[in-house]
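# Coordinates in review
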Amino acid sequence: MLKVALTGGIATGKSHVLAVCRRRGVPCLDADQLAHGVMTGGTEASAAIVARFGADVLSADGSVDRRKLAPIVFADGAARRDLEAIVHPAVYRAIAAGLRAFERTEQAPFAIVDVPLLFESSREGDFDAVVATLCSTKRQRERLTARGLSDAQIADRLAAQWPAEQKAARADHVISTDGTYEETEAGIDLLLSALRARAQSG
């Protein structure tokens, strides 16, 4: 099974691309959802986060409240790197386990994993191919504003990642999400055809 990473800047359309791939029958994993899992109450990661950031970042159920943690880590690069050093290894272990399960149970030629910080965490070598979503910075800002983020919050989040263009330049395939949904889905279908052909030739 071909292992494909989907990455890109914040608000460049990764979630939409992943949802379309799922609808097309492709086995998919979402690193952000896996991160939620590793930060539930009682996990090794959540205990390490409390040790680093204090119990005030917890929800009533003992899980890490990402809304409480976000202002801390986006305002402080060292704090963000400390959080990533705790969470990323656990997430990548969960990704590896998920891909092994797909290999045992799925008959698909490839699987796609949405990994927003793929290049930042230097894990692109874990995958056979990398796909990046790309749109203009103006469009990113519009989408983040629509999510309710302030200008300062948008600036913090964009500064915490590589620029989308830099990610696209290092990817094997690029999906533009500046156009209509129909145009994006046409690009996705071309991508899936290319991945299918590569998996079959390999």
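Scroll up a little and you will see the structure.
Residues numbered from 1 in each chain as written. Predicted model: local features only at pLDDT ≥ 70, side-chain atom pairs only at ≥ 80, totals over all residues. Heavy atoms only, no water.

## Quick word on the packing of aromatic side chains
Under the defined criterion, the tally for this structure stands at 1 aromatic pair. Pairing Phe119 with Trp162 gives two aromatic rings, centres 5.6 Å apart and planes at 5°, and the pair type is stacked. Of this pair, Phe119 sits in the loop between strand 3 (110–114) and strand 4 (129–134) while Trp162 sits in the loop between helix 7 (151–159) and helix 8 (164–170); the two residues are 43 residues apart in sequence, bridging distant segments of the chain. Among the residues examined, Trp162 registers a relative accessible area of 23% and is labelled partly exposed. Between the NZ or CZ atom of Arg52 and the centre of the ring of Phe53, over which it lies, the distance is 4.5 Å. (Phe/Tyr/Trp six-rings, centres within 6.5 Å; stacked < 30°, edge-to-face > 60°. Helix = DSSP H or I, 4+ residues; strand = E, 2+ residues; numbered from the N terminus. Buried < 20%, exposed > 50% of the residue type's maximum accessible area, 1.4 Å probe, protein only. Lys NZ or Arg CZ within 6 Å of the ring centre and 35° of its normal.)

## A few points about the nonpolar core
Counting 33 residues, the largest nonpolar core has Ile49, Phe53, Leu69, Val87, Ile95, Leu99 and Phe127 as its most contacted members. Of all the elements, helix 5 (residues 77–105) adds the most residues to this core, at 10 residues. Aside from chain neighbours lying at most four places away, what touches Ile49 is Met39, Gly54, Val57, Val64, Leu69, Leu83, Ile86 and Val87. Counting 18 residues, the second largest nonpolar core, distinct from the first, contains Leu18, Val26, Ile112 and Val131. (Core = buried A, V, L, I, M, F, W, Y, C linked by side-chain atoms within 4.5 Å. Contact = heavy atoms within 4.5 Å.)

## So, the pairing of strand 1 (residues 2–8)
The element strand 1 is extensively covered by neighbouring structure, given that 6 of its 7 residues are classed as buried. Both strand 1 and strand 3 contribute to a ladder of 5 bridges, which runs parallel. Residue pairing in the sheet places Lys3 in a bridge with Ala111 of strand 3. As paired strands, strand 1 and strand 4 are joined by 5 bridges and run parallel to one another. Each bridged residue has a counterpart across the sheet, and for Leu6 the counterpart in strand 4 is Val131. (Pairing = 2+ DSSP bridges.)

## A look at the environment of Gly42
Locating Gly42 in the fold gives a position in the loop between helix 2 (31–38) and helix 3 (44–53). In this structure the C-alpha to C-alpha distance between Gly42 and Arg81, which are 39 residues apart in sequence, comes to 22 Å.

## Things to note about the layout of surface pockets
Looking at the largest pocket, its volume works out to about 1,300 Å³. In this structure, the largest pocket is lined by 48 residues; those nearest its centre are Ile10, Asp32, Arg66, Pro116 and Gln161. Residue assignment for the lining of the largest pocket shows that the elements contributing at least two residues are helix 1 (14–23), helix 2, helix 4 (66–75), helix 5, helix 6 (137–146) and helix 9 (181–201). At 8 residues, helix 5 tops the list of elements feeding residues into the lining of the largest pocket. (1 Å grid on protein atoms, 1.4 Å probe; cavity = no way out; pocket = protein on both sides within 12 Å on 5 of 7 lines; lining within 4 Å. Points joined across faces, edges and corners; volume = space filled by probe spheres on them.)

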